[in-house]
Amino acid sequence: MADKPLYYGSKDAPMYYGASKPMYYGGNQPMYGGKQPMYYGAGRQYGGMYGGMQYGDPNGQSGEDGSIVGTLTVTRILRVVSQRWLSIFVFLLVGLIVAFAVYRISPTIYEAKSEFTMDIRRSTGHAQSALDAAIPDLGNNYMEIFNTRLSEWRSDKIVTKIMQEYRSSHPASSIADEELMSTLVDSKLELQRNSRIITISVRSQLPSLAAALANAYAEAIEAFTDEENKNRCDKAVSQIHLNVEKRRREVDKLAKTLLDFRTANKVDNLRSSRETAQQSIQKTTADILTLETQETQLVEWEKLLSDVQKEPESFGSLSQNIPRAQEILTEYRAFQDAAVEHSKLQFAYTENHPEVVAKAKELEAAKDRFLAAIGRALAAGRSLLHETRNRLAQLRAKQDDLRNELSSLEQRIVLAESGLNQLEAEFGVANRVLEGLILDENKARLEAEANNEIIRVGRPANEPTKPVLPNPLIIFGIGVALSLGLGVLFVLVMDNLEDTIVNLADIEGRLALKVLAVLPHVRRKRREQVAKFAVEDVYSQFSETVAGLRNLLDSPRYEAMTKCIVVISTQPGEGKTITSTSIAISHAQTGKKVLHVDFDMRRPRLARIWGLELTKERSFSHVLQSAGATGKPDFAKLVNKSSVDGLDVIASLPPEGVAPSSIFGSQVVADFFEWARANYDRVIVDAPPFGVVGDVVSLAVQVDSVIIMCCPDRTHFKPIQYCSRSLTEAGANILGVVVNDVEVGSAAAFSPGSTHHGYGYGYGYGYRYGYRYGYGSERHEHHSAGEGAPSGNQQTGAPTQAERPEESEEFTDEE
């Protein structure tokens, strides 16, 4: 019990919740609930409500029992099966698949039967042999002949022929020769009574293989029986066969030559390259024509501008395409205007008149500007002409290269097509000659074998559709039973090894921690909205859950240990900041003087939540950091008034220039808590996550108690177990766990299994309303304030959270 919180009691003393004495909430004696059920159910002990379970008791489900499947009880098995039915269903599917595989592979046997006839012909000579004399009598003598040849039909030579027949008829088969031979070992040959028909029976796991081997067996026996007759026929067709083999080698050689020629020359690729080259030549020619036209224009413009530069008075009009044409026209108009004005003055005055002299200078300046504009345009035109001529030279060189390449391609295509046509013609002639020789060989062989038939296949085997073995009911029955058993065992093991908290038993059974409250999921997007939700809607499901937690903390049992509370989590994102803010608001709503402190100095959030504008002189972390140099700070100057009456906030700026690890455990932190206890009724501390940094341990031992946050399917066992053990060993007092962000639809997973459904959300923390949120639209009549309604909350008939459309947005807590 070294890792168990001390307040859960021992074997000799009753726990604070359950055991042999009534609980402080909802017991037989009215406390805050009168005669009505309160936060843990009227007339019930906490241990009774949770099935007599005592935290840390070795007789209850207080953790692991040492086995890989954990404690086996009917309740646990039903819970695990109901939660992980999909895994069991997967095991059932796998079991059915395995049973089907066993049914198909190992025990499933198909039998195929083929038939052939055995005909013994008489000799055409004068004398008859003993065998010929026995043919008319189809009784025992024919059986003796069958038994005599049976040993030959089971010899290694026949087995080899069977496999050859099978491979020739099934060339794509991947079955190994060893498997074929093992299948043939169990085959049977039976002579049908009073007939010449012999039945071959072959059993195999594959119906197609059984049928194929049965047919191959009959064909092999036929081939074996005809072998001697064929040997005699080989001499008659030997010369033709030699010619066939010689011609076949020639055809193979031509085929290889034709393939190599096609691979080497790539006629199709050459044709495609020719088309590409032709298109490139066309495009290059079009580009050359365009540039030549442009070159001609530029030469004309250069000549025109050169003439104007020599005789400015001969300037007429310019094309708009000439470089700087607009500038030239502007300067020319100015030059003309100056010339007109100068002429007028010359007519009115003498040449030496001041105005005439001044206008002459102005005329000369306008002329210089005009000539300068002509010069700039001429330079730009010459530069463009030079660039155009360079591009023309490149395109003409490219055109020559493309024409050379096209000519080379044309030559290669002509040569390739000529050689290809010749090879194809030679191959066609040789192939037709080979086909004729093969036809002659087969004809001669058939003529030679016409009178030598002894064995012929009668009825080939068909692929069987029904197996002869096994019994599917037994196989699938065993498969279902084993898969269900393994599935249940698997989910029990996974439940025991699962590192994620998913329900009440995980917290109170395996972790041996008391659950203080279950906070429902609030559909808001921003953290600030959720943190202040207890202020915005005091009658909401979330607000009343927080009020229930507050009343629990204010109970006589906990009042002495909840003056200064620190709220921690094992990892970011579990809602400790929102929960600590909600607890602080709820305490302030009861008229207490409350201080909310942000000790999460690496990621401070309270300033943003309360909308505070801080400076380093009023930043909690910066003041504590500088306390060693400036002495004991005045903590009262750090207090910020919030929008909630009676609630003060001490917040921090982001840790720029601050080393939080050097602050925790220092004397200034102890001085702060001494000051806070002396000036406030309740001190709620927002601490950093335990699993991220180790500052929480030194902080937890300086407060009265610790509340640990937990999020379903997010909080892991090992971190919270390590957190609980570390804090307990350090001397911290752990009150319990607050489960956060629980969807209403998944609240049943956090139900203790009680049949009383009027205890409120999740655990039955009876709010002042007598109905359960999220479990239907029916509402029971509420109880009066004297019958169990917590102080500070009154019935107003306000709509619930789910009925408010403006609160329907999803919220994911980042804290």
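Position numbers for residues count from 1 along each chain, tracking the sequence in the order it is written. Given that this is a predicted model, residues contribute local features only at a pLDDT of at least 70 and side-chain atom pairs are listed and counted only at 80 or more, while totals for whole chains, interfaces and linings are drawn from all residues. Side-chain metrics in this entry use all non-hydrogen atoms of the structure; hydrogen atoms and water are not considered.

**Q** Just give me the short version of the overall build of the protein chain, but keep the residues and values in it.
**A** Helical segments are the DSSP runs of H or I of at least four residues, strand segments are the runs of E of at least two, and each set is numbered from the N terminus. The number of helices and strands found in the protein chain is 25 helices and 12 strands. Each residue gets one of three labels from its accessible area relative to the maximum for its type: buried under 20%, exposed over 50%, partly exposed in between, using a 1.4 Å probe on protein chains only. Here the protein chain holds 815 residues, and 43% of them are scored as buried. In the protein chain, of all internal contacts separated by at least 6 residues, the share reaching a separation of at least 24 is 78%. Each accessible area value is a Shrake-Rupley result obtained with a 1.4 Å probe; residue values ignore everything except the protein chains displayed when judging cover. Of the roughly 42000 Å² of accessible surface on the protein chain, a fraction of 53% belongs to carbon and sulfur atoms. What makes two residues a contact is simply this: any of their non-hydrogen atoms within 4.5 Å.

**Q** Could you give me a rundown of the nonpolar core, with the residues and numbers involved?
**A** Throughout this description, the term nonpolar core refers to a set of buried Ala, Val, Leu, Ile, Met, Phe, Trp, Tyr and Cys residues connected via side-chain atoms within 4.5 Å. One finds I568, F599, F672 and L727 to be the most contacted residues of the largest nonpolar core, which totals 52 residues. Considering each element in turn, this core owes the most residues, 6 residues, to helix α23 (residues 667-679). Other than its neighbours up to four places away in sequence, L727 contacts I568, F690, V696, V697, A700, V706, A732 and I734. The next biggest cluster of nonpolar side chains, apart from the first, holds 38 residues, and it includes L519, V522, V546 and M561.

**Q** Can you break down the pairing of strand β6 (residues 564-568) residue by residue, with the values?
**A** Most of β6 is tucked away, with 5 of its 5 residues classed as buried. The alternating pattern of β6 places C564, V566 and I568 and I565 and V567 on opposite faces, both of which are buried. At least two DSSP bridges between two strands are needed for those strands to be called paired. Pairing of β6 with strand β10 (residues 682-686) involves 4 bridges; the strand directions are parallel. By the bridge assignment for β10, V566 is matched with V685. As judged from the 4 bridges shared by β6 and strand β11 (residues 705-710), these two strands associate in the parallel manner. Each residue of the ladder has a partner; that of I565, found in β11, is S705.

**Q** How would you sum up the packing of aromatic side chains? Please name residues and give values.
**A** For any pair of aromatic rings, geometry is given as the distance between the ring centres together with the angle between the planes. For this analysis, a ring pair means two rings from Phe, Tyr or Trp (six-membered ring only for Trp) whose centres lie within 6.5 Å, classed as stacked if their planes differ by under 30 degrees, edge-to-face if by over 60, and tilted for the remaining angles. Applying the stated criterion to the full structure yields 14 aromatic pairs. Ring centres of F116 and W153 lie 5.6 Å apart, and the angle between their planes is 85 degrees; this geometry places the pair in the edge-to-face category. Taken together, the residues span a long stretch of sequence, with F116 in strand β1 (residues 110-118) and W153 in helix α5 (residues 140-153) at a distance of 37 residues. Here F116 matches W153 in class, with each residue buried. Between F672 and F673, the aromatic rings sit 5.5 Å apart at their centres with planes inclined by 70 degrees, giving edge-to-face as the arrangement. For the residue pair F672 and F673, the accessibility class agrees, reading buried in each case. Following the ring pairs from residue to residue traces out a cluster consisting of F599, F620, F635, F664, F672, F673, W675 and Y680. Two thresholds decide whether a charge sits over a ring: the Lys NZ or Arg CZ must be within 6 Å of the ring centre and within 35 degrees of the ring normal. When the ring centre of Y680 is taken as reference, the NZ or CZ atom of K593 above it lies at 4.9 Å.

**Q** If you had to explain the pattern of salt bridges to someone new, which residues and values would you point to?
**A** By convention in these notes, a salt bridge is any Lys or Arg side-chain nitrogen within 4 Å of a carboxyl oxygen on Asp or Glu. Overall, the coordinates contain 21 salt bridges when judged by the stated rule. A salt bridge links R456 to E222; the nearest nitrogen and oxygen atoms lie 3.3 Å apart. Of the two residues, R456 sits in strand β4 (residues 455-459) while E222 sits in helix α8 (residues 207-225), which places them 234 residues apart along the sequence. Between D554 and R682 there is a salt bridge whose closest N-O contact spans 2.9 Å. Highlighted residues: D554 in the loop between α17 (541-553) and β6 and R682 in strand β10, separated in sequence by 128 residues. A residue is classified by how much of its surface remains accessible, and D554, at 13% relative accessible area, is buried. Here the salt bridges do not stand alone but share partners, grouping E222, D226 and R456 into one network.

**Q** How would you explain the sheet that holds strand β2 (residues 188-191) if you had to name every residue and give the values?
**A** Pairing in this open sheet of 4 strands is antiparallel, and the strands run β2-β3-β1-β4 from one edge to the other. Single-partner strands in this sheet number two, and they are β2 and β4. Adjacent strand axes in the sheet meet at a mean angle of 30 degrees, parallel and antiparallel pairs treated alike. Summarising the sheet, β1 and β4 pair through 4 bridges and their orientation is antiparallel. Residue pairing across strands places T117 opposite R456, the latter belonging to β4. To obtain an axis, a line is fitted to C-alpha atoms, over the contacting stretch when the element is a helix, and the angle between two such axes runs from 0 to 180 degrees between their N-to-C directions. In the packing of α8 onto the sheet, the strands contacted are β1, β2, β3 (197-204) and β4, and the crossing angle to β1 comes to about 20 degrees.

**Q** Break down a nonpolar patch on the surface for me, with residues and values.
**A** Note that patches include only residues with greater than 30% relative accessible area and no salt bridge, and the join distances are 9 Å for like charges and 5 Å for nonpolar side chains (Val, Leu, Ile, Met, Phe, Trp, Tyr). On the surface, a nonpolar cluster with roughly 890 Å² of combined accessible area is contributed by W85, L86, F89, V90, L93, V94, L96, I97, V98 and V102. As for its placement among the helices and strands, I97 is situated in helix α3 (residues 85-104). According to the relative accessible area criterion, I97 is exposed, its value standing at 56%.

**Q** Kindly report on unusual backbone geometry, identifying the contributing residues and their values.
**A** Negative phi characterises most residues that are not glycine, and trans characterises most peptide bonds. Its identity is not glycine, yet N194 carries a phi of approximately 55 degrees, on the positive side. Position of N194 relative to the elements: it lies in the loop between β2 and β3. Exposure remark for N194: the relative accessible area of 67% places this residue in the exposed category. With a phi angle near 60 degrees, D741 is a residue other than glycine that sits in the positive phi range. Position of D741 relative to the elements: it lies in strand β12 (residues 734-742). Given a relative accessible area of 21%, D741 falls into the partly exposed group.

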